Structure formats: C-alpha cells, structure tokens
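# Coordinate analysis (summary)
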Amino acid sequence: MISLQNVSHDYDGFDVLREVSLDLHEHRIAFIGANGSGKSTLARTLNGLLVPRRGTVLVDGLDTRRNAVQVRRRVGFMFSDANHQIIMPSVAEDVALGLRGQKLSKLEKADIVAEVLDRYGLLALSNHSAHLLSGGQKQMLALASVLVTQPDILICDEPTTLLDLHNVQIFLDTVRNLSQQVILMTHHLEIIEDYDRAILMDRGQVHFDGSPQDAVAAYRRLIGNREKERTGR
Ligand SMILES: Nc1ncnc2c1ncn2[C@@H]1O[C@H](COP(=O)(O)OP(=O)(O)OP(=O)(O)O)[C@@H](O)[C@H]1O
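Read on for a plain summary of the structure. Computed from a predicted model, the values in this text were never measured in an experiment.

### A few points about the sheet that holds strand β2 (residues 14-24)
Spatial strand order, β2-β1-β4-β5: four strands in an open sheet with antiparallel pairing. This sheet does not close on itself; its edge strands, each paired only once, are β2 and β5 (62-63). With five bridges joining them, strand β1 (residues 2-11) and strand β4 (residues 54-59) adopt antiparallel strand pairing. Along β4, the bridge assignment pairs Ser3 with Leu58.

This is the structure:
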C-alpha cells in the first residue's frame with residue numbers, strides 16, 4: 001500500500017501539493033482534476049521519481065526518501081508520452097531491458113520477453129524499431145516494458161492522452177485485467193467509471209475522495225463554481 005503523510009511540494013516557492021494525506025489501498029484508483037492541480041507531481045512522488053519537499057510517502061512501509069531502489073522495484077511508472085520511456089532500439093530489446101540484473105540465462109530472458117510481447121500483441125513486432133511504432137503500439141510497448149519487471153503497483157500518468165479511441169479501448173482492457181494495483185491520473189472521465197475510488201485534486205489539495213460517479217459530479221460543480229467566480233455571474 002502507498003501512504004502519503006502530509007505531503008507538500010513547491011517549485012521555486014510555488015506550492016503545488018499542500019498537506020496531502022492519503023492511504024491508497026483499493027485495487028484501482030483514479031486521480032482527476034484541472035490542469036495544474038498537481039496530479040503529475042503527486043504521481044511522481046508515488047514511486048520516488050520526486051521526493052516531496054515536506055511530508056512522507058511510504059510504499060509498503062518503505063520511505064521513498066531513503067529506499068528509492070526498493071520502491072522503484074515495487075512501483076512501475078508509465079508516462080503519457082511513451083517516447084519518454086522507450087530506450088532501446090528494438091521492441092524486444094526494450095522489454096528485455098527490464099530484466100537486466102536478474103539472475104536468468106539468455107534463453108530464459110528471451111522466453112520471458114517473447115511471452116510478454118505475445119501477451120500485449122507485440123510479438124510480430126519483436127525486431128521492429130521501437131521508435132517507429134505507432135503511438136498506440138508505443139504505449140503498449142511502454143506497458144510491456146514496465147510489467148516485465150513485475151511491479152506490485154502501476155502508476156499511469158495520463159496514459160490515454162495521445163491514443164485514438166481504438167487504442168484507448170485496447171489499453172483500458174489490458175489494464176482492467178491486471179492483477180496489480182493501478183493508480184491512474186487522467187482527464188478522460190469516462191474511463192474511470194468502474195474504478196474503485198476516485199480522488200479529485202484542486203490547487204494541490206484533495207478536494208473530493210469517493211466513488212468515480214461522485215468525484216466526477218464534484219468536479220463538474222467545482223468547475224461551475226470557478227466559472228461563476230471568473231465571470232461574476
Ligand atoms: N518541473 C517543474 N518545474 C516548475 N513547475 C512545475 C514543474 N512541474 C510542474 N510544475 C507546475 O506545478 C503545477 C502542477 O503541475 P502538475 O503537472 O503536477 O499538474 P497536473 O494536475 O498534472 O496538470 P495537467 O493536467 O495539466 O498535466 C503547475 O502549475 C505546473 O506548472
């Protein structure tokens with residue numbers, strides 16, 4: 001489980017997260033909220049990519065401030081733009097990178113890579129250039145490359161932003177069937193309907209925490225109120 005305790009962060013004095021405390025234990029949790037509300041910053045604190053200025057993030061009791069390596073092993077991270085994540089020239093090599101350092105023979109690694117590529121519909125593309133894949137294929141590759149490391153928890157920061165409707169569906173179906181805990185940051189409110197919990201962020205704070213339906217309703221009310229403030233009507 002990930003636990004945030006009084007987490008605050010600022011960029012050069014500009015507060016982005018303010019005293020956020022949450023225990024994240026449900027199987028699938030979504031974070032929603034306006035641009036700049038702090039979702040990506042919060043996402044990056046969950047696997048220690050970012051250590052918050054104040055407060056503590058614990059992953060299964062491990063403090064991200066002191067146990068970065070163990071935390072990264074437990075928590076996989078997917079960026080919205082897979083180009084930030086794909087490192088190796090070929091599809092198979094990129095997935096294999098996740099197995100480096102593991103005590104496995106070349107043959108065992110090749111078998112695992114082939115099995116993972118097959119599971120995510122990429123086997124026929126094994127030897128293709130990873131950077132020449134379509135956007136949807138890149139996203140599936142990024143997912144495969146994270147999941148080959150067998151994380152307990154998967155953080156997805158706006159994973160569907162660059163995908164067309166068909167690839168959104170493929171991505172969602174894939175994620176729906178994962179046994180791992182999934183924590184998703186998104187602007188696509190329709191994709192979180194069957195999530196176990198949704199948290200609405202506003203100006204670096206938790207504004208609402210509950211069911212997806214109630215969170216989306218709270219978001220619409222919030223936007224309505226902000227619009228009234230802005231226009232004075
Ligand atoms: N590396 C950075 N340096 C300075 N400011 C940053 C940095 N990253 C984010 N910010 C600022 O922090 C605030 C929160 O950004 P963040 O990306 O966490 O929000 P978000 O809810 O994910 O937004 P969006 O939905 O637009 O992706 C924004 O005002 C942003 O400009």
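Further notes follow.
### Here we look at the packing of helix α5 (residues 135-147) against helix α6 (residues 165-176)
Where α5 contacts α6, the axes come no closer than 10 Å and their chain directions differ by 15°. The angle between α5 and α6 falls in the class roughly parallel. The crossing of α5 and α6 is right-handed. Of the residues in α6, those touching α5 at Gly136, Gln139 and Leu143 are Asn167, Ile170, Phe171 and Thr174. Residue composition of the contact of α5 with α6, grouped by class: three nonpolar, four polar and no charged.

### Description of the site of the ligand
For the ligand, the full set of nearby residues is Tyr11, Val16, Gly33, Asn35, Gly36, Ser37, Gly38, Lys39, Ser40 and Thr41. When residues of the shell around the ligand are assigned to their parent elements, the largest contribution, three residues, is made by helix α1 (residues 39-46). Its residues assigned to classes, the shell around the ligand comprises two nonpolar, seven polar and one charged.

### Re helix α4 (residues 106-119)
In this model, α4 (14 residues) spans 20 Å end to end at C-alpha, consistent with the 20 Å of a helix rising 1.5 Å per residue. What α4 keeps buried is the set Val113, Val116 and Leu117. Each buried residue of α4 lies within a common arc of 100° when the element is viewed along its axis, so the set occupies one face. Facing away from the buried side of α4 by over 90 degrees, the exposed positions are Leu107, Glu108, Asp111 and Glu115. Contacts made by the buried residues of α4 are with α3 (91-97) and α5. A positive backbone phi angle near 70° is found at Gly121, which sits one or two residues after α4.

Conventions and cut-offs
Residues numbered from 1 in each chain as written. Predicted model: local features only at pLDDT ≥ 70, side-chain atom pairs only at ≥ 80, totals over all residues. Pairing = 2+ DSSP bridges. Helix = DSSP H or I, 4+ residues; strand = E, 2+ residues; numbered from the N terminus. Axes fitted to C-alpha atoms, helices over the stretch in contact; angles between N-to-C directions. Parallel < 35°, antiparallel > 145°, perpendicular 65-115°, else oblique. Left-handed = near helix turned anticlockwise from the far one by under 90°. Contact = placed C-beta atoms within 7 Å. Nonpolar A, V, L, I, M, F, W, Y, C, P; charged D, E, K, R; others polar. Near = placed C-beta within 6 Å. Expected span 1.5 Å × (residues − 1). Buried ≥ 20, exposed ≤ 12 C-beta atoms within 10 Å, placed from the backbone. Arc of directions from axis to C-beta.

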